[in-house]
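Structural overview for review
So the chains spell out like this:
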Amino acid sequence: WELLQLVQALAAAGGAGRLVLLCPADGTSAALAAGASKAVPLEYPELAVQRVFLPAAADLLRSGGSFVGIESVTQGWLGWLAAVAAEHTAETDLWLDPAPPHAPLAPRLTPQPMPPSSSAPAVDPGGTYLITGGSGGMGGALVAWLLYEQGVPPEQLILLSRRGGTSPHAGVRCVAADLSSAESLASCAELSSLGAVTGIFHLAGVLDDGLILNMTRERLAKVVAPKAGLLPLLSLCASRGWEPDWVLAASSTSSLLGYAGQANYCAANALLDHAVTFGLPEGVCGGRVPPKLLTLNFGPWGEVGMAREGTKAHQLSLQSGELPMASSAAISCIAEALRRRQAPPAT
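Here goes a summary of the coordinates provided. These numbers come from a predicted model, not from an experiment. (Residues numbered from 1 in each chain as written. Predicted model: local features only at pLDDT ≥ 70, side-chain atom pairs only at ≥ 80, totals over all residues. Heavy atoms only, no water.)

Now for the overall build of the protein chain. Across its full length, the protein chain holds 13 helices and 10 strands. With 347 residues in all, the protein chain has 47% of them scored as buried. Within the protein chain, contacts between residues at least 6 apart in sequence are counted, and of these 67% link residues at least 24 apart. (Helix = DSSP H or I, 4+ residues; strand = E, 2+ residues; numbered from the N terminus. Buried < 20%, exposed > 50% of the residue type's maximum accessible area, 1.4 Å probe, protein only. Contact = heavy atoms within 4.5 Å.)

This is the structure we're talking about:
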């Protein structure tokens, strides 16, 4: 929120130039600022943004702080960081290798071939699965796939949502719990009876689009809360002794590429992306080994969900040249990600 306030102030003053954000390479709340910043140049072309991810051990606040292996230079270590950033202004994101000499690396998107159709199971049909956001359109498509294509019995699917309710599929359990509240999750009687959890699908999310000019702390918190619910959910797993094999989270192309009018949604999904890239915040899993984390940066789904046909989000997607995905294509991405997780490493 402080970053967005800074941008609001710069815009009001007619500011222009390049913002360089120094972000620790870990799963902390710095992810929110990094994600929100991706919307900035799309709304304010006069402001360029560059994110520099530092080794998590780097102490940005301590006077005289430095990196291991970097000798003191005339300008100091902040001057060295500024020089690295200035040398690579064409890159929006840089990651400094934790090992000396801390060479800067930049992310790249790599096209992948379409996987061949496969009848191999993507999940264990004997497993038990938690699905957050399971009562929404994406959740409905996922549940149908698990039931009718993967052969998971309905009683082994538990849908978590704030409202609870009933599932259109007989036997599937719907549990009312506030995902953003550790207390709500811990006091949920339906969850306390679960003996084990094989996997978690984290689909929860909400939109509240608006330009940075009109963004408020409350609107930011509203959109971040469902995505950030991953953390209390993992803490609950640790306290219950559940050891899921994996957690698959639905992230967004917004946090990957940025999207005008979605600074809060970019921030929310960046929490998921950073947890996978840099690791979970310390203590989330209570000292246990965390489950394998997977994120899929989905574009809009065209048949269900927040950008289904007839919504404003669907219209904006078409105007921006992005064709919303068919549910079958999106589900095939989920299946392929889970199959690849199970595949032996290449030799």
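With that settled, the discussion passes to the sheet that holds strand β8 (residues 199-202). Pairing within the open sheet is parallel, and its six strands lie in the order β7-β6-β5-β8-β9-β10. Both outer strands of the open sheet, β7 (173-176) and β10 (292-298), are each paired with one neighbouring strand and no more. Looking at each pair of strands side by side, their axes are set apart by 20 degrees on average, direction ignored. Examined bridge by bridge, strand β5 (residues 129-132) and β8 share four bridges and lie parallel to one another. Its bridge partner being in β8, Tyr 129 is matched across the sheet by Gly 199. (Pairing = 2+ DSSP bridges. Axes fitted to C-alpha atoms, helices over the stretch in contact; angles between N-to-C directions.)

The next thing to look at is the nonpolar core. One finds Phe 201 and Ile 334 to be the most contacted residues of the largest nonpolar core, which totals 30 residues. Among the elements that make up this core, the one with the highest residue count is helix α5 (residues 137-148) (seven residues). (Core = buried A, V, L, I, M, F, W, Y, C linked by side-chain atoms within 4.5 Å.)

On to the environment of Gly 165. Its location among the elements puts Gly 165 in the loop between β6 (157-161) and β7. Between the C-alpha atoms of Gly 165 and Ala 176, which are 11 residues apart in sequence, the distance is 7.4 Å.

Below, the discussion takes up a nonpolar patch on the surface. Residues Val 20, Leu 22 and Leu 78 make up a contiguous nonpolar surface patch of about 230 Å² in total accessible area. Relative to the helices and strands, Leu 78 resides in helix α4 (residues 76-87). (Patch = residues over 30% accessible without salt bridge, like charges linked within 9 Å, V, L, I, M, F, W, Y side chains within 5 Å. Areas by Shrake-Rupley, 256 points an atom, 1.4 Å probe, with all protein chains shown as cover. Salt bridge = Lys/Arg side-chain N within 4 Å of Asp/Glu carboxyl O.)

In helix packing, the relevant descriptors are the interaxial angle and the interaxial distance, both defined with respect to the helix axes. One can describe the packing of helix α2 (residues 30-37) onto helix α11 (residues 263-278) by two numbers: an axis separation of 7 Å at closest approach and a directional angle of 130 degrees. On the basis of their axis angle, the class for α2 and α11 is oblique. The interaxial crossing formed by α2 with α11 has right-handed handedness. The residues of α11 that touch α2, namely those facing Ala 31, Leu 32, Ala 34, Gly 35 and Ala 36, are Ala 263, Cys 266, Ala 267, Ala 268, Ala 270, Leu 271 and His 274. (Parallel < 35°, antiparallel > 145°, perpendicular 65-115°, else oblique. Left-handed = near helix turned anticlockwise from the far one by under 90°.)

Okay, the pattern of salt bridges next. Enumeration according to the criterion identifies seven salt bridges in this entry. Between Arg 162 and Asp 178 there is a salt bridge; the shortest N-O distance is 3.5 Å. Taken as a pair, Arg 162 in the loop between β6 and β7 and Asp 178 in the loop between β7 and α6 (182-186) lie far apart in primary sequence, 16 residues in all. Between Asp 208 and Arg 219 there is a salt bridge whose closest N-O contact spans 3.2 Å.

With that settled, the discussion passes to the packing of helix α8 (residues 217-228) against helix α9 (residues 230-240). Relative to each other, α8 and α9 sit at 30 degrees, their axes nearing to 5 Å. Between α8 and α9, the interaxial angle falls into the category roughly parallel. Touching Pro 226, Lys 227 and Ala 228 of α8 are Leu 230, Leu 231 and Pro 232, all from α9. The residue makeup of the contact of α8 with α9, split by class, is five nonpolar, no polar and one charged. (Nonpolar A, V, L, I, M, F, W, Y, C, P; charged D, E, K, R; others polar.)

Before going further, it helps to spend a moment on the sheet that holds strand β3 (residues 93-96). The sheet built from four strands is open, its strands ordered β1-β2-β3-β4 with mixed pairing. At either end of the open sheet lies a strand with only one pairing partner, and these are β1 (17-24) and β4 (104-105). Note: strand β2 (residues 47-54) against β3, three bridges, orientation parallel. Paired with Phe 53 across the strands is Trp 95, a residue of β3.

Attention now goes to the pairing of β2. In summary, the side chains of a regular strand alternate between the two faces of the sheet. Within β2, seven of the eight residues are buried, which leaves it mostly tucked inside the rest of the structure. The pairing of β1 with β2 spans eight bridges and is parallel. The residue of β2 that forms the bridge with Cys 23 is Phe 53.

By themselves, these are just geometric observations and shouldn't be taken as functional.
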